[in-house]
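This is what each chain is made of:
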Amino acid sequence: MTFNQPLSGNAMPRFGGWASMMRLPMCSEAAGLNAGFIGVPLDIGTSHRPGARFGPRQIRAESSLIRPYNMATGAAPFDALQVADLGDVAINTYNLQKSVEIIEAHYRPIIDTGCIPLTLGGDHTIVLPILRALARRHGPVALVHVDAHADVNDDMFGERIAHGTPFRRAVEEGLLQGSKVWQIGLRGTGYGMDDFDWPRQQGFTVVPAHEVWYQSLAPLMARVREAIGQAPCYLSFDIDGIDPSFAGGTGTPEIGGLTVPQALEIIRGCRGLRLVGTDLVEVSPPYDTSGNTALLGANLLYEMLCVLPGVHYR
């Protein structure tokens, strides 16, 4: 079988060629794919700085520099997986509730083919419809959630669905295995301890950022793998989990966050988990005109691809 390959920088300059994720072929159907990159250009669920609607496009642009072989881990995902860019979800930019319904309907047939979605966000609202679509096929899933915020608000300005509420709704709807949920990197100011206490009451393991300052996260990820086992698992990565000194292009930055090497340790530590989907959300390009935040997001998505089940290691 011939597997899709990113367009080589030796065949076409990296500033040329098609503007897909890693310059992979574009596909309109997921049938026959092991994994697919999907953009969800939505930011009408944000509570502070907008701009994440431009995240998928900028992440794709910055991904042109990424090569197919992972020099650090030996992962060669394009040796064994059929991967393509599945384009963007046509959200309703004027209606968040309708957009949530559109996203779930878009993901269902993709997931039903067995294709693992790797999502380019978009704000964190999008994880709720994705989890709904995944639970329809897999049942409640385990979760590795990297974020500055727990995203378990009961409501925001009276609205039940927004980028700060998806994981409370996911618990209420039975989409998660509470004892197999890990939230890593939480920090910042708040209105009370409920932001951290409520997840713990649901069985989540909460790892605040200050508890892992100056530490390797490899031992933590060994605990995560042991706890989750072979349950179907979703990896949701908010770029604001990383300190804004590395990733300032986001809507709700919080100081004192994870470092880039720690972010890599988390994702690489997911190798061996039965990942059924991943996302990288909340990249807001207008707040980082250097493109560095989107470049980081693109590389983290590539690292997610590298730890999917079935990846070949040379």
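Residues numbered from 1 in each chain as written. Predicted model: local features only at pLDDT ≥ 70, side-chain atom pairs only at ≥ 80, totals over all residues. Heavy atoms only, no water.

(A) A look at the overall build of the chain. Regarding its fold elements, the chain presents eight helices and ten strands. In terms of overall dimensions, the chain is globule-like: its C-alpha atoms have a radius of gyration of 18 Å, near the 20 Å expected for 314 residues. The C-alpha extent of the chain, read off along each of the three principal axes, is 55 × 45 × 40 Å. Taking all 314 residues of the chain together, the buried fraction comes to 56%. (Helix = DSSP H or I, 4+ residues; strand = E, 2+ residues; numbered from the N terminus. Rg over C-alpha atoms; globule rule 2.2 N^0.38 Å. Buried < 20%, exposed > 50% of the residue type's maximum accessible area, 1.4 Å probe, protein only.)

(B) Looking closely at the sheet that holds strand β6 (residues 176-186). Here we have eight strands laid out as an open sheet, ordered β3-β1-β4-β9-β8-β5-β6-β7, and parallel in their pairing. Of all the strands in the sheet, just β3 (83-88) and β7 (205-208) have a single pairing partner and so form its edges. Averaged over all neighbouring strand pairs, the angle between strand axes comes to 15°, with direction disregarded. Alignment of strand β4 (residues 116-121) against strand β9 (residues 274-281), held across three bridges, turns out to be parallel. Among the inter-strand pairings, L120 is bridged to a residue of β9, identified as L280. The strands that helix α3 (residues 127-138) touches are β4, β5 (141-146), β6, β8 (232-238) and β9; relative to β8, the one it contacts most, it runs at about 170°. The sheet strands contacting helix α7 (residues 260-268) are β5, β6 and β8, and the helix crosses β8 at an angle near 165°. (Pairing = 2+ DSSP bridges. Axes fitted to C-alpha atoms, helices over the stretch in contact; angles between N-to-C directions. Contact = heavy atoms within 4.5 Å.)

(C) Structural context of unusual backbone geometry. Put simply, G121 and G122 share a cis peptide bond, and its omega is 15°. Within the secondary structure, G122 is located in the loop between β4 and α3. Phi is positive for F157, which is not a glycine, with a value near 55°. Tracing the chain through its elements places F157 in the loop between β5 and α4 (166-172). Within the chain, Y214 stands out as a residue other than glycine whose phi angle is a positive 65°. Given a relative accessible area of 83%, Y214 falls into the exposed group.

(D) Inspection of the packing of aromatic side chains at higher detail. Evaluated as defined, the whole model comprises one aromatic pair. When the ring centre of Y287 is taken as origin, the NZ or CZ atom of R49, which lies over that ring, is 4.0 Å away. Positioned above the aromatic ring of W198 is the side chain of R168, whose terminal nitrogen or guanidinium carbon lies 4.1 Å from the ring centre. (Phe/Tyr/Trp six-rings, centres within 6.5 Å; stacked < 30°, edge-to-face > 60°. Lys NZ or Arg CZ within 6 Å of the ring centre and 35° of its normal.)

(E) Structural view of the pattern of salt bridges. Counted according to the given criterion, the structure contains twelve salt bridges. The partner of R53 in a salt bridge is D43, with the nearest N and O atoms 2.8 Å apart. You can see R53 sitting in the loop between β1 (35-40) and α1 (55-62) and its partner D43 sitting in the loop between β1 and α1, a full ten residues away along the chain. With a relative accessible area of 4%, D43 lands in the buried category. Between R136 and D112 there is a salt bridge, with the nearest N and O atoms lying 3.2 Å from each other. In this pair, R136 sits in helix α3 while D112 sits in helix α2 (residues 96-112), placing the two residues 24 residues apart along the sequence. (Salt bridge = Lys/Arg side-chain N within 4 Å of Asp/Glu carboxyl O.)

(F) Geometry of the side chain of S99. With respect to the helices and strands, the residue S99 is situated in helix α2. By relative accessible area, S99 is classed as buried at 0%. With sequence-adjacent residues up to four places away left out, S99 is seen in contact with L42, I44, I91, N92 and T93.

(G) A look at the side chain of D123. Looking at where D123 falls in the secondary structure, it is placed in the loop between β4 and α3. Buried and unpaired, D123 has no salt bridge, with R53 as the nearest side chain of opposite charge at 8.1 Å. Within polar-contact distance, the side chain of D123 engages the side chain of T125 at 2.5 Å. Excluding anything up to four places from it in sequence, D123 contacts L42, D43, I44, G45, T46, A52, H163, V281 and E282. (Lys, Arg positive; Asp, Glu negative; His and termini not counted. Polar contact = N/O pair within 3.5 Å; in protein donor to acceptor, adjacent residues only side chain to side chain.)

(H) Local environment of the packing of α7 against helix α8 (residues 292-306). Direction vectors running N to C along α7 and α8 enclose 25°, while the axes themselves pass 9 Å from each other. Between α7 and α8, the interaxial angle falls into the category roughly parallel. Considering how the two elements wind past one another, α7 and α8 form a crossing that is right-handed. Facing V260, A263, L264, I267 and R268 of α7, the residues of α8 in contact are L296, L300, E303 and M304. Among the residues making up the contact of α7 with α8, the classes are represented as seven nonpolar, no polar and two charged. (Parallel < 35°, antiparallel > 145°, perpendicular 65-115°, else oblique. Left-handed = near helix turned anticlockwise from the far one by under 90°. Nonpolar A, V, L, I, M, F, W, Y, C, P; charged D, E, K, R; others polar.)

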